[in-house]
Amino acid sequence: MDCIVISYGVISRPTFESVTMIHDRTVRSLEDIQKNPLLVLVGNKADLEEERQVSREEAESLARNLGFDLFYECSAKTGLHLDDCFKSIVERLDEKKRNIQDKTLETVLEDPYHEQQHSQQESNQKHEEEEEEEAGEEEEDEEEEGFKDPEDTPDYKHEVEPAIAAEGFTSTHTESQSRRVSNNKQKPIESPDSKCCTIV
Ligand SMILES: Nc1nc2c(ncn2[C@@H]2O[C@H](COP(=O)(O)OP(=O)(O)OP(=O)(O)O)[C@@H](O)[C@H]2O)c(=O)[nH]1
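Residues numbered from 1 in each chain as written. Predicted model: local features only at pLDDT ≥ 70, side-chain atom pairs only at ≥ 80, totals over all residues. Heavy atoms only, no water.

Where an unreviewed UniProt entry is consulted, the chain appears under the name small monomeric GTPase, with the organism given as Kuraishia capsulata CBS 1993. Looking at the Catalytic activity (unreviewed entry) heading of the UniProt record, one finds this comment for the chain: "GTP + H2O = GDP + phosphate + H(+)". Under Sequence similarities (unreviewed entry), UniProt gives the following word-for-word description of the chain: "Belongs to the small GTPase superfamily. Ras family." (UniProt positions renumbered as here; feature names shortened; annotations may be inferred.)

Below, the structure is given as structure tokens:
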């Protein structure tokens, strides 16, 4: 239920006096079902000015006190203010719908679960960047300091390398290893897979 219109006749005091009772019952039943529709008060038969029993001011004041969203004096007979009344109802309903959508969006953005996911993503990204940075620094250090693995030991240079040169030996190395071989004056030949090289 999006909208409730309660109507009385401006020429009938009893109908006006029943508005409070109808409003209270309606609102109470709406609270039970947790609904918040647009509430509109309409004073009908406004074309019968000479027979008026309820002033506009009094009705306006009641509408404000009871928390109606809109108040119009109309005439079902002549059509007085009817278009305005229905247009306003449609506009306010649209407005209400937009507010609900905005609030839903705010709730989603403020939802701790979504925030948690977002911060987790940021933290993962930061972690990956740090790892990449560290890897880069390690590679630079290696280039500056040279490798300290068995192939760089004097034993390897004096005993193993000559044996390789004498007998011929084929092995696969990573790209960085191939640089090391190059430093050791062995000539690497790039294989089609650029991550490997063959020592000849
Ligand atoms: N002048 C005038 N007459 C109206 C208006 N609305 C309804 N009427 C007339 O009021 C009479 C009662 O109309 P209903 O639609 O039957 O309304 P009701 O609630 O059953 O009766 P009421 O308590 O008189 O309003 C009919 O003769 C309608 O033509 C209006 O805005 N202006």
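Right, picking up where we left off after that structure.
### Section: the overall build of the chain
Along the backbone of the chain there are six helices and five strands. Going from N to C terminus, the chain has its helices and strands arranged as β-α-β-α-β-α-α-α-α-β-β. Looking at the chain as a whole, 24% of its 200 residues qualify as buried. Accessible surface, the chain: about 14700 Å² in total, of which carbon and sulfur atoms supply 49%. (Helix = DSSP H or I, 4+ residues; strand = E, 2+ residues; numbered from the N terminus. Buried < 20%, exposed > 50% of the residue type's maximum accessible area, 1.4 Å probe, protein only. Areas by Shrake-Rupley, 256 points an atom, 1.4 Å probe, with all protein chains shown as cover.)

### Details of the nonpolar core
Within the largest apolar cluster, 17 residues are counted, with the highest numbers of intra-cluster contacts made by Tyr-8, Val-19, Leu-41 and Phe-68. Residue assignment for this core shows that the elements contributing at least two residues are strand E1 (3-9), helix H1 (13-32), strand E2 (38-44) and helix H2 (56-66). A per-element tally of this core places H2 first, with four residues. Counting residues in hydrophobic clusters, the runner-up holds eight residues, among them Leu-38, Val-40, Cys-85 and Ile-89. (Core = buried A, V, L, I, M, F, W, Y, C linked by side-chain atoms within 4.5 Å.)

### Examining the site of the ligand
Surveying the vicinity of the ligand reveals the residues Asn-44, Lys-45, Asp-47, Leu-48, Ser-75, Ala-76 and Lys-77. The side chain of Asn-44 places a nitrogen or oxygen atom 3.1 Å from an oxygen atom of the ligand. At a separation of 2.8 Å, an oxygen atom of the ligand approaches a polar backbone atom of Ala-76. In isolation the ligand offers 620 Å² of accessible surface; the protein chains occlude 37% of this area. (Near = heavy atom within 4 Å. Polar contact = N/O pair within 3.5 Å; in protein donor to acceptor, adjacent residues only side chain to side chain.)

### A word on a negative patch on the surface
Among the surface-exposed residues, Glu-128, Glu-129, Glu-130, Glu-131, Glu-132, Glu-133, Glu-134 and Glu-137 lie close enough to one another that they form a single negatively charged patch. By relative accessible area, Glu-131 is classed as partly exposed at 46%. (Patch = residues over 30% accessible without salt bridge, like charges linked within 9 Å, V, L, I, M, F, W, Y side chains within 5 Å. Salt bridge = Lys/Arg side-chain N within 4 Å of Asp/Glu carboxyl O. Lys, Arg positive; Asp, Glu negative; His and termini not counted. Charge placed at Lys NZ, Arg CZ, Asp CG, Glu CD.)

### A look at the confidence of the model for the chain
For the chain, per-residue confidence averages 77 on the pLDDT scale, and 66% of positions sit at 70 or higher. Taking the mean pLDDT of every element in the chain, the minimum, 33, falls on strand E5 (residues 197-199) and the maximum, 98, on strand E3 (residues 70-73). Segment residues 169-200 is flagged for pLDDT under 50; beyond a separation of four residues in sequence, or across chains, it makes 45 contacts in the model. (pLDDT = per-residue confidence, 0-100. Contact = heavy atoms within 4.5 Å.)

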